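What follows is the residue order along each chain.
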Amino acid sequence: MLDDDTVRVAPIRPADLPEVGAFLHDHLNPRLSAAEWAVAAVPTWRVDAPNHGFLLRAGDRLVGVQLAFYAEREVAGRPVRFCNLGAWCVLEPYRGHGLRLLRAALAQRGHVFTDLSPSGSVVAINERLRFRRLDTTTALVANLPGRRRARVVTDLDEIDRRLEGVDRVLFRDHRGAGAAHHVLLDAGPRGHCYVMYRSDRRRGMRLFATLLHVSDPRLLRRCRPDLARHLLARRLPVTLAELRVVGERPAGSVLLRHPRPKQVRGAEVSPDAVDSLYSELVLVAW
């Protein structure tokens, strides 16, 4: 290992992305190719981002990466800049320098910071850095088809035509996101419900649909069998639904004993204003 003075932190620039993608493929998650990692590091929404995160070099060698995803969103009628901390990977001999990557990201003033997929010891590290936990109470519900109550629309152009206002903006910002799937439940005179979800692995099995956005939780409860039928056709027999996304616990569900944590740092917004959009969760299909 090189002397500490030769280990340096630098912002991730667009020209660094192929190398960063190869590093994350080799050392974090080989299920995504180097090219897929590089693409996933770039948001599908418009944003004036200062960087794509930070990297750690020992001499000329890349030895650590902390991805970051930026967005400006309206909260309580005012614009708020968010920075979502994504994949964090440092080679074992340089783990002592890993915190420098996180501190470099947090040193950027004027942002609310989120970590929506912290793992292992990262949760405790974040808490020491004044992150707060979000309420991620999560229901697990089997996808059981039943009586048809809605037409399931998956054609992206039709979804775009049908949506209005905030939901159209959300859809267009996430239409090309690698981990986001879009469904419109058309219940005729009762209206429609726009659902965004991702497929997730648990214990190595990609069997779970995690709901990221639900435009009308009440209508979703009525049309849940229609969504279930759609998900089953995509080999996703189970749905994971955070109660703050779906409004209330779905009938017939069970609550997870240990839901995955999510964290936020910044007094500018309440935890209730933080969701899973504009983040690693919609971009990275790990």
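Reference entry: report on the structure contained in this document. (Residues numbered from 1 in each chain as written. Predicted model: local features only at pLDDT ≥ 70, side-chain atom pairs only at ≥ 80, totals over all residues. Heavy atoms only, no water.)

**A closer look at unusual backbone geometry**
- In this structure, Arg130 is a non-glycine residue whose phi angle is positive, near 75°.
- Structurally, Arg130 can be placed in the loop between helix H4 (122-128) and strand E6 (132-133).
- By relative accessible area, Arg130 is classed as exposed at 61%. (Helix = DSSP H or I, 4+ residues; strand = E, 2+ residues; numbered from the N terminus. Buried < 20%, exposed > 50% of the residue type's maximum accessible area, 1.4 Å probe, protein only.)

**Remarks on the sheet that holds strand E13 (residues 254-255)**
- Pairing within the open sheet is mixed, and its 7 strands lie in the order E8-E9-E10-E11-E12-E7-E13. With partners counted over all chains shown, the strands left at the sheet margins are strand E8 (151-153) and E13, one partner each.
- Sheet analysis places strand E7 (residues 138-142) next to strand E12 (residues 238-242), joined by 5 bridges and oriented antiparallel. Within E12, the residue paired with Val141 across the bridge is Thr239.
- The sheet strands contacting helix H6 (residues 165-174) are strand E9 (181-186), strand E10 (192-202) and strand E11 (205-214), and the helix crosses E10 at an angle near 35°. (Pairing = 2+ DSSP bridges. Contact = heavy atoms within 4.5 Å. Axes fitted to C-alpha atoms, helices over the stretch in contact; angles between N-to-C directions.)

**Things to note about the pairing of E7**
- Both E7 and E13 contribute to a ladder of 2 bridges, which runs antiparallel. The residue of E13 that forms the bridge with Leu140 is Val254.

**With respect to the pattern of salt bridges**
- If you walk through the whole model with that rule in mind, you get 18 salt bridges.
- Ionic pairing is found between Glu127 and Arg133, a salt bridge with its closest N-O pair at 2.8 Å. (Salt bridge = Lys/Arg side-chain N within 4 Å of Asp/Glu carboxyl O.)

**Some thoughts on the nonpolar core**
- The biggest cluster of nonpolar side chains holds 56 residues, and the ones touching the most others in it are Val20, Leu24, Val65, Leu67, Tyr94 and Val282.
- Here this core takes 8 residues from strand E3 (residues 61-75), the largest share from any one element.
- If near-sequence neighbours (up to four positions away) are discounted, Leu67 is found in contact with Ile12, Val20, Leu24, Trp37, Ala41, His52, Gly53, Asn84, Leu85, Gly86 and Ala87.
- Val195, Leu219, Cys223 and Leu236 belong to the second-largest nonpolar core, a separate cluster that totals 19 residues. (Core = buried A, V, L, I, M, F, W, Y, C linked by side-chain atoms within 4.5 Å.)

**What to know about helix H1 (residues 17-27)**
- Within H1 the residues assigned to the buried category are Leu17, Val20, Gly21, Phe23 and Leu24. Down the axis, H1 shows its buried residues gathered within 160° of arc, on one side only. Looking at H1, the residues exposed on the side facing more than 90 degrees away from the buried face are Pro18 and Asp26.
- Tucked inside the fold, the buried residues of H1 contact helix H2 (34-40), strand E2 (53-58), E3 and strand E4 (78-90). (Arc of directions from axis to C-beta.)

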